[in-house]
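Examining the three-dimensional arrangement
What follows is the residue order along each chain.
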Amino acid sequence: MTADNEMDIKEAFQRAQKGHNNKAKLVASLKSRYNKLEDKTLFHEEFVHYLKYAMIVYKREPTVENVIEFVARFATSFQSPPKTEEEEQQQEEEEEEDEEAEDDHPFLSFIFNFLLESHKASSHAVRFRVCQLINKLLGSMAENAQIDDDLFDRIHQAMLVRVTDKFPNVRIQAALAMTRLQQPMDPDCPTISAYMLILENDSNAEVRRAVLSCIAMSPQTLPKVLKRTRDIKENVRKLAFQVLADKVHIKALTIAQRVSLLQQGLHDTSEAVREVVCARLLPSWLLRLNGDIIELLHRLDVENCSQTALETLKAIFKGAPTDDLLQNRVQLDNRKLIPVDSLSCENVLYWRALCEFIKAKGDDGEETLEQVLPDAATYADYLYGYLKAVPVLSEEQRADFNQLELVMTKEFISQQLIHLIGCLDTNEEGGRKQVLTVLQEMLALPQTPSSLVSLLTEKLLTLIPDDHRRIQTVAEIISDVREPIMEASQPVDENESRRQQVQLAEVKVRILEAKQALEDCITAQQFSRAAELKDSITELENRRNQVIQEIAESSQPPDKEVRTEKNDPETLLRCLTMCAELLKQMNMKTRIGPTISALMSSLILPSIANAHPAVRNMAVVCLGTCTLHSKELAKTHMVLLLQIAQLDEVKIRISALRAIIDLLLLFGFQLLSETAATQTAPPTQSPERQEEDAPPAEEKGDVPEDTAQSIVVMLSEFLDNEVSDLRTETAEGLAKLMYTGRMSSAKMLSRLVLLWYNPVTEDDTRLRHCLGVFFQLYARESRVHQEVVEESFLPTVRTLMNAPATSPLAEVDVNNVVELLVELTRPSALMKPSANTEEVCVHDYLAVRICGEMLKDPTAPEVRLYAKTLSNLELSREETVRKDLQTLLQQLVQVVKDRVCLRALEKMIHQLVDSKEQAELLSATALQPLDVNADEAATDDLSKSAKRAKRGQRKVCAAKGGRKPSRRAESSEESDGENVPESVPVVRPSRRAKTAALEKTKLDLNTLINQEANVS
């Protein structure tokens, strides 16, 4: 090769570094040179020589990226352009030879061989560039391109190794490189298996995103992609929904999967994820269903997930113009109603969602609402007619699944129609009275389904603004339901009836005899006797009529209207449901009046002893809600609620527990002071258990210890209960009590932390979510709360370290627990940090506690954990604290034998000695007080260093990340240890200063190339 040709390759690489150069022209120019050469070997070697300069740079420099792009274009330019189908049909025989020539092109094969030989290099920069180049080479090939089977296998094997690389960026490029190596139809495809393994286990979010972007959809991979919609990272969840929207048909998902996706997506904590669901997922589903929203509802099973369906419809309505909403509205008749025969679960839910969406617009949607909803009176008649037509099934009919399903469908439609009452214009008095009348009548009817009682009562109460009227109305309905007016008739006396019948028969016989005698007298012309007989007959007939009347009156006595009390479970449950809804809707300031007191004595309290569990449960709900309105009532019935919480069925115990927690939240533990004086508290537990659980902060001096202690012990025991629902409810209640300040207990907080980490609660999503949110809010709320967390530190660690091998707590990662407690107690984590930087912070106290614990037993296995924890604390700049801590550390150095611990302790002492310099450094760079990672960065494992920087050097990471890469595949969480800027800016520079600094720090490969040329 001549010197001119050498210059051509060098010049091509130099020009390729600049983004404004036309790479197509560079490729064409260099390719023409290449084609003219007879011996390609020297060209190959020289080309790779200049390529190596770019491959040793790990940082995503623009010049290096341009060179990589140029190399990929040049290597793939030797492929023939893709042929059309007609050309392929015409040249079938020649196609194989062309492909072989194309696949076996020497330069492309040489580049692939060079890259595959270099993928095991010790430098992570080289491995990264190798995977990146292979990715670009395969991606630049035509869709119908083919490569040699041997080369395919070599690339495949190399990339399978690189997806397990230690550096996330290498794993990302390796995963992207395998995109075209997938075989979705093969259930044993190693690429897809590797992808699924990465999605499940890779700790880096950007790697998971890279795999999500390129994984092929199949029945095997779909569950893994669905699982990523619940990923811990927002960007991964967002991309997972995008992939599902673009690649997965709605019919490929089960109903449960569709509903789950919508529930998670529409309630995601990230606005960006919710936006993707609304703007990408739902439109793609509608597009595949030809825009039919009713059909989409069919695919969601609205009867079992009505709330999710409503939220889905509202999300669709938000992105649609009002005119389109009216055009796509359900088929209403001239009365603006759906004909009863046409009502279905889907169209009635759509009607309700549309009306509620328009109603939410306020005055702007008033005119539009009039087009889709009739006046109140018309709708009341329509609703009354449909509700009365809902059949009531007997026990035999309930056994028929078809009839039961039909009734359940009608009840669901009824619920949606009742919900529509909230959209009616009830300002007009006549319409409002008509709706009230219908609601009251439906509540009083015994054939109204029990599932509608609560909803009917709620809508009735919303139409009555005054609490006293509400109480009076509901009390009247309860009275009509429980004591209906019935007609009572007196029983007929059979002896009296028989006597009257005999008397009537005697009169009739005497009448017949008198008439016969009258005829005989007239025949004998005894007219005086005939006149007497005639008078006698008249008297007898009058007597007969009188007896007949008496018989009629005795057989049909006048009916009386009486009230008969009904105590069957269904009636009691109906009345208690109305009562519970009333108490729930009442204002908290409304006192308990005579009417509610009467309901308490006649309905609620007797029902607590009812044999039917559902009746007892609703009675407990009513009692708990009622006691919230009266402190005296709460004192009276607190012990009863405590007994129920320990003795009854699980569901009823949970209801009682909720009532107890609500009472303690409202009135505090001082509620028990008078209760304990007059009534006996529930039996206390063992003295040892009482000592373990600290009493609430409020009870000091006000509440007898036994009473409050017994409640704390009871709640503590509930945390160990095998029933997950009871355990979850107790944990949530304790979290509320502690967050509101009604209770302050470090040991109880320790119990909650252990419960959160306990593998037994792994499937209890609600418990895990509740406690996870609570810990963050509680610790960030105030310094006092952080002190409670600090007090719980050592008991929690001791419990975990001393847990027997058979205990589930033995599986808990103690390091993770310690990291959590350290993060929760950071002074910088407070919502309102203290302005006094010299103030002794919680971490100072924690450091002293840890040192004291280490001095107790310097040979204990947890000493290394404590030493590592000390290095992660944010200590204050108060000199006294630092001196005391320094003294403790020096004592530890003399007794601790473990080398790792000694290094950490000596480093701490060194930092404390240089406290003044450290303070100056802090004020200049805004770093945290203890930067233990700075000295360890060169020796420790890079992944550990990156993890520690995330905890202890958050501000440093932010400073280093000032210039973020814009490429999707680049990891945002990786710290490689190479090409890192040496200095951290003290003051945030201006845009012009940033631009100037960026120009100065741009990498130029020409310097390296020229330097190498001069040396050679």
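Structural data are supplied above this passage.
This structure is a prediction, so every number in the text was calculated from the model and none was measured. (Residues numbered from 1 in each chain as written. Predicted model: local features only at pLDDT ≥ 70, side-chain atom pairs only at ≥ 80, totals over all residues. Heavy atoms only, no water.)

Here we take up the overall build of the chain. Across its full length, the chain holds 52 helices and two strands. Within the chain, the fraction of its 1016 residues that count as buried is 47%. Residue pairs in contact within the chain that sit at least 24 positions apart in sequence constitute 73% of those at least 6 positions apart. Accessible surface for the chain amounts to roughly 52100 Å². Of this, 49% is attributable to carbon and sulfur atoms. (Helix = DSSP H or I, 4+ residues; strand = E, 2+ residues; numbered from the N terminus. Buried < 20%, exposed > 50% of the residue type's maximum accessible area, 1.4 Å probe, protein only. Contact = heavy atoms within 4.5 Å. Areas by Shrake-Rupley, 256 points an atom, 1.4 Å probe, with all protein chains shown as cover.)

Right, let's get into unusual backbone geometry. At D301, a position not held by glycine, the phi torsion is positive, near 55°. With respect to the helices and strands, the residue D301 is situated in the loop between α17 (293–298) and α18 (306–318). In this structure D301 comes out as partly exposed when scored by relative accessible area, which is 28%. Even without being a glycine, K336 presents a positive backbone phi close to 65°. Assignment of secondary structure puts K336 in the loop between α19 (322–327) and α20 (345–359).

On to the packing of aromatic side chains. One pass over the full model with this rule turns up 18 aromatic pairs. Their ring planes at 50° and their centres at 5.6 Å tell us that F774 and F775 sit as a pair that is tilted. Each member of the pair, F774 as well as F775, is classed as buried. (Phe/Tyr/Trp six-rings, centres within 6.5 Å; stacked < 30°, edge-to-face > 60°.)

Relative to the assigned elements, A609 resides in the loop between α31 (594–608) and α32 (613–627). Between the alpha carbons of A609 and A619 there is a distance of 9.1 Å; along the sequence they are 10 residues apart.

Here we come to the pattern of salt bridges. Using the criterion set out here, one finds 41 salt bridges in the structure. One salt bridge connects R60 with E65, and the closest N-O pair in it is separated by 2.9 Å. The salt bridge partner of R352 is E356, with a shortest N-O separation of 2.9 Å. Placement of both R352 and E356 in helix α20 is noted, with a separation of four residues, approximately one turn of the helix. Connected through shared salt-bridge partners, R658, E729, E732, K736 and R766 make up one network. (Salt bridge = Lys/Arg side-chain N within 4 Å of Asp/Glu carboxyl O.)

Here helix α2 (residues 23–36) spans 20 Å end to end across 14 residues, near enough to the 20 Å set by a 1.5 Å rise per residue. Here α2 has its buried residues at K23, L26, V27, L30 and Y34. Viewed along the axis of α2, the buried residues span an arc of 95°, placing them on a single side of the element. For α2, the exposed residues set more than 90 degrees away from the buried face come down to K25 and K36. (Expected span 1.5 Å × (residues − 1). Arc of directions from axis to C-beta.)

Let us now look at the side chain of Q132. With respect to the secondary-structure elements, Q132 resides in helix α8 (residues 124–140). Under the relative-accessibility criterion, Q132 is labelled buried at 1%. When sequence neighbours within four positions are dropped, the list of residues in contact with Q132 reads R60, E65, I68 and Q173.

Time to look at the nonpolar core. It is characteristic of soluble globular proteins that their nonpolar side chains tend to be buried jointly. Of all hydrophobic cores here, the largest spans 272 residues; its most connected members are F47, W351, Y379, L417, F793, L870 and L889. Within the second largest apolar cluster, nine residues are counted, among which are V507, L518, L533 and I537. (Core = buried A, V, L, I, M, F, W, Y, C linked by side-chain atoms within 4.5 Å.)

This part covers the packing of helix α7 (residues 106–118) against helix α9 (residues 149–162). Running from amino to carboxyl end, α7 crosses α9 at an angle of 30°, the nearest separation of the two axes being 10 Å. Compared by their axis directions, α7 and α9 come out roughly parallel. Here the hand of the crossing between α7 and α9 comes out left-handed. Residues F112, N113 and L116 of α7 pack against L151, R154, I155 and A158 of α9. Classifying every residue of the contact of α7 with α9 gives five nonpolar, one polar and one charged. (Axes fitted to C-alpha atoms, helices over the stretch in contact; angles between N-to-C directions. Parallel < 35°, antiparallel > 145°, perpendicular 65-115°, else oblique. Left-handed = near helix turned anticlockwise from the far one by under 90°. Nonpolar A, V, L, I, M, F, W, Y, C, P; charged D, E, K, R; others polar.)

Its 18 residues give helix α16 (residues 271–288) an end-to-end C-alpha distance of 25 Å, which sits within 8% of 26 Å, the value for a rise of 1.5 Å per residue. At its buried positions, α16 is contacted by α14 (234–247), α15 (255–266), α17 and α18. If you check the start of α16, you find a side-chain oxygen 3.2 Å away from the backbone N of A272, and it comes from S270. Looking at the residues trailing α16, positive phi occurs at N290, about 60°. (Polar contact = N/O pair within 3.5 Å; in protein donor to acceptor, adjacent residues only side chain to side chain.)

Right, let's talk about a nonpolar patch on the surface for a bit. The grouping of Y739, V773, L777 and M831 at the surface amounts to a nonpolar patch, some 320 Å² of accessible area in total. Mapping L777 onto the fold places it in helix α40 (residues 765–781). Looking at L777, the relative accessible area reads 34%, which means it is partly exposed. (Patch = residues over 30% accessible without salt bridge, like charges linked within 9 Å, V, L, I, M, F, W, Y side chains within 5 Å.)

Together, D363, D364, E366, E367, E370, D375, D381, D425 and E428 line one region of the surface with negative charge. Top contributing element to the negative patch by residue count: helix α21 (residues 366–372), with three residues. With respect to the element layout, D364 can be found in the loop between α20 and α21. For D364, a relative accessible area of 70% gives the class exposed. (Lys, Arg positive; Asp, Glu negative; His and termini not counted. Charge placed at Lys NZ, Arg CZ, Asp CG, Glu CD.)

Between two packed helices, both the angle of their axes relative to each other and the distance between the axes serve to describe the pair. Across the interface, α14 lies against α16 with an axial gap of 9 Å and an inter-helix angle of 10°. Classed by the angle they form, the pair α14 and α16 counts as roughly parallel. Together, E234, R237, K238, F241, Q242, L244, A245 and D246 of α14 and A272, V273, V276, V277, R280, L281, S284 and R288 of α16 make up the contact between the two elements. A class-by-class count of the residues in the contact of α14 with α16 yields eight nonpolar, two polar and six charged.

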